[in-house]
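Summary of structural features
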Amino acid sequence: AAIGALSRGELVVLPTDTVYGIGARPDIEGATERLFEAKRRPRDLTLPVLVADLGQAAHVALVDDRARVLARRFWPGALTMVLPRSEAARAWDLGEARGTVGVRVPDHGVARGLLSRTGPLAVTSANLSGRSTPGTCDGVRKVFGDAVAVYVCDDPLPGDRPSTVVDLAGPEPRVLRDGAIPGAEVLALLR
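Residues numbered from 1 in each chain as written. Predicted model: local features only at pLDDT ≥ 70, side-chain atom pairs only at ≥ 80, totals over all residues. Heavy atoms only, no water.

Examining the overall build of the chain
Put simply, the test is: Here a helix means four or more residues in a row that DSSP labels H or I, a strand means two or more in a row labelled E, and each is numbered from the N terminus. Each radius of gyration reported is based on C-alpha atoms, and the globular scaling rule is 2.2 Å times the count of residues to the power 0.38. Note on classification: 1.4 Å probe, protein chains only; a residue is buried when its accessible area is under 20% of the maximum for its type, exposed when over 50%, partly exposed between these limits. We call two residues in contact when some of their heavy atoms are within 4.5 Å. Areas reported as accessible are Shrake-Rupley estimates using a 1.4 Å probe. Residue values count occlusion only from the protein chains shown. Residues counted as positive are Lys and Arg, residues counted as negative are Asp and Glu, and His and the chain ends are not counted. Note that the charge is assigned to NZ on lysines, CZ on arginines, CG on aspartates and CD on glutamates.
Looking only at helices and strands, the chain has 7 helices and 9 strands in total. Over its C-alpha trace the chain gives a radius of gyration of 15 Å, about what one expects of a compact globule, namely 16 Å for 191 residues. Its C-alpha atoms give the chain principal-axis dimensions of about 45 × 35 × 30 Å. Within the span of the chain, comprising 191 residues, buried residues form 49% of the whole. Long-range contacts, defined here as pairs at least 24 residues apart, represent 62% of the contacts in the chain between residues at least 6 apart. With an accessible surface of roughly 8700 Å², the chain has 50% of that area assigned to carbon and sulfur atoms. For the chain, the separation between the mean place of its 24 positive charges and that of its 23 negative charges on side chains is 1 Å.

This is how it looks when you write it as structure tokens:
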């Protein structure tokens, strides 16, 4: 049901290793616009992309040696890497930032299973922008209701903190958000 809904450009809620996410196919016109509207998310907050593995990440982004080092250590897991977009992802509407994309491989079997069948998905925390993410699928359903076509539930989730975000698009890596993995640990691996 989730695969069918996503292929029609509809929204799906899915479990991850951090919090519930709400996602759409970035390669289907209008799908990510539905995601921005449902979340009431400003377009200057660019949507991240979840992938099943490093191979999918390389389809979406330009994966350099630093990213490979971090992927070997922290993927699957709660690390989002901001990288230059690949040509294949350049036209995707993920928000205002057009040159980069945040990519992550979640450490959740259901999420990776879905991603392996759908390809990369634009996924962000399943909450209204600026509010906390409900800890249960029922809580998420109360927020989004019929705006989401399919809810894939797996309560309770193993984590409750968002992913750590590191920017690798420039010459020096920068931690943009400290999350489930300490940013200092991420940067130390690149020294």
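What about the pattern of salt bridges?
We apply this condition: Salt bridge criterion: a side-chain nitrogen from Lys or Arg within 4 Å of a carboxyl oxygen from Asp or Glu.
In this structure the tally under the stated criterion is 12 salt bridges. Between Asp 27 and Arg 25 there is a salt bridge; the shortest N-O distance is 2.9 Å. According to the relative accessible area criterion, Asp 27 is partly exposed, its value standing at 42%. What makes Arg 25 buried here is its relative accessible area of 18%. The closest approach of N and O atoms between Arg 66 and Asp 64, which form a salt bridge, is 3.0 Å. A relative accessible area of 26% means that Asp 64 is categorised as partly exposed.

What about the state of the cysteines?
For clarity, the threshold we go by: Two cysteine sulfur atoms form a disulfide, by the criterion used here, when they sit within 2.5 Å.
Overall, the coordinates contain 1 disulfide when judged by the stated rule. Covalently, Cys 137 is tied to Cys 153 through a disulfide, its sulfur atoms 2.0 Å apart. What sets the handedness of the Cys 137 and Cys 153 disulfide is the S-S torsion sign, and at about -60 degrees it is left-handed. In this pair, Cys 137 sits in helix α6 (residues 137-144) while Cys 153 sits in the loop between β7 (150-151) and β8 (164-167), placing the two residues 16 residues apart along the sequence.

Observations concerning the sheet that holds strand β9 (residues 174-177)
Note the threshold: Strands qualify as paired when DSSP identifies two bridges or more between them. Between the N-to-C directions of two axes lies an angle of 0 to 180 degrees, each axis being a line fitted to C-alpha atoms and, for a helix, fitted only over the stretch in contact.
Spatial ordering of the open sheet is given by β7-β1-β2-β6-β3-β5-β4-β8-β9, a layout of 9 strands whose pairing is mixed. The open sheet is flanked by β7 and β9, the only strands paired with a single partner. Contacts between helix α4 (residues 65-74) and the sheet are confined to β4 (79-84) and β8, with β4 contributing the most and set at about 160 degrees to the helix.

Things to note about the layout of surface pockets
Rolled over the atoms, a probe sized like a water molecule indicates the empty space that remains. The test is simple: Definitions used throughout: a 1 Å grid over protein atoms alone; a cavity as a set of points that fits a 1.4 Å probe which cannot get out; a pocket as an open set with protein on both sides within 12 Å along at least five of seven lines; a lining residue as one with an atom within 4 Å of a point. Grid points are joined across faces, edges and corners, and a volume is the space filled by probe spheres set on the points.
Size it by volume and the largest pocket reaches roughly 750 Å³. Every residue lining the largest pocket is counted, 33 residues in all, and those nearest its centre are Arg 41, Pro 48, Thr 124, Val 165 and Arg 177. Counting residues per element, the ones that place at least two in the lining of the largest pocket are β4, β5 (100-104), β6 (121-125) and β9. Here the element with the most residues in the lining of the largest pocket is β5; it accounts for 4 residues.

What to know about the nonpolar core
The cut-off we apply is this: Think of a nonpolar core as a cluster: buried Ala, Val, Leu, Ile, Met, Phe, Trp, Tyr and Cys residues, connected wherever their side-chain atoms sit within 4.5 Å.
Counting residues in each nonpolar core, the largest one holds 44 residues, and the members touching the most others are Ile 22, Leu 79, Met 81 and Phe 144. At the level of elements, β2 (21-24), α2 (31-39), α3 (54-60), α4, β4, β5 and α6 are the ones that each hand at least two residues to this core. Not counting chain neighbours up to four residues away, the residues in contact with Leu 79 comprise Leu 70, Phe 74, Val 103, Arg 104, Ser 163, Thr 164, Val 166, Ile 181 and Val 186. Judged by nonpolar contacts, the second largest core, of 13 residues, contains Ala 5, Val 12, Val 123 and Val 150.

Section: the side chain of Asp 167
Operational definition: By the criterion applied in these results, polar contacts are pairs of N or O atoms within 3.5 Å in which, for protein atoms, one can donate a hydrogen and the other can accept it, and in which residues neighboring in sequence qualify only through two side-chain atoms.
Secondary-structure assignment places Asp 167 in strand β8. A relative accessible area of 11% means that Asp 167 is categorised as buried. Among the polar contacts made by the side chain of Asp 167, one reaches the main-chain amide nitrogen of Ala 169 at a distance of 2.8 Å. Aside from chain neighbours lying at most four places away, what touches Asp 167 is Val 82, Glu 172, Pro 173, Arg 174 and Leu 176.

In short, geometric facts, not functional conclusions.
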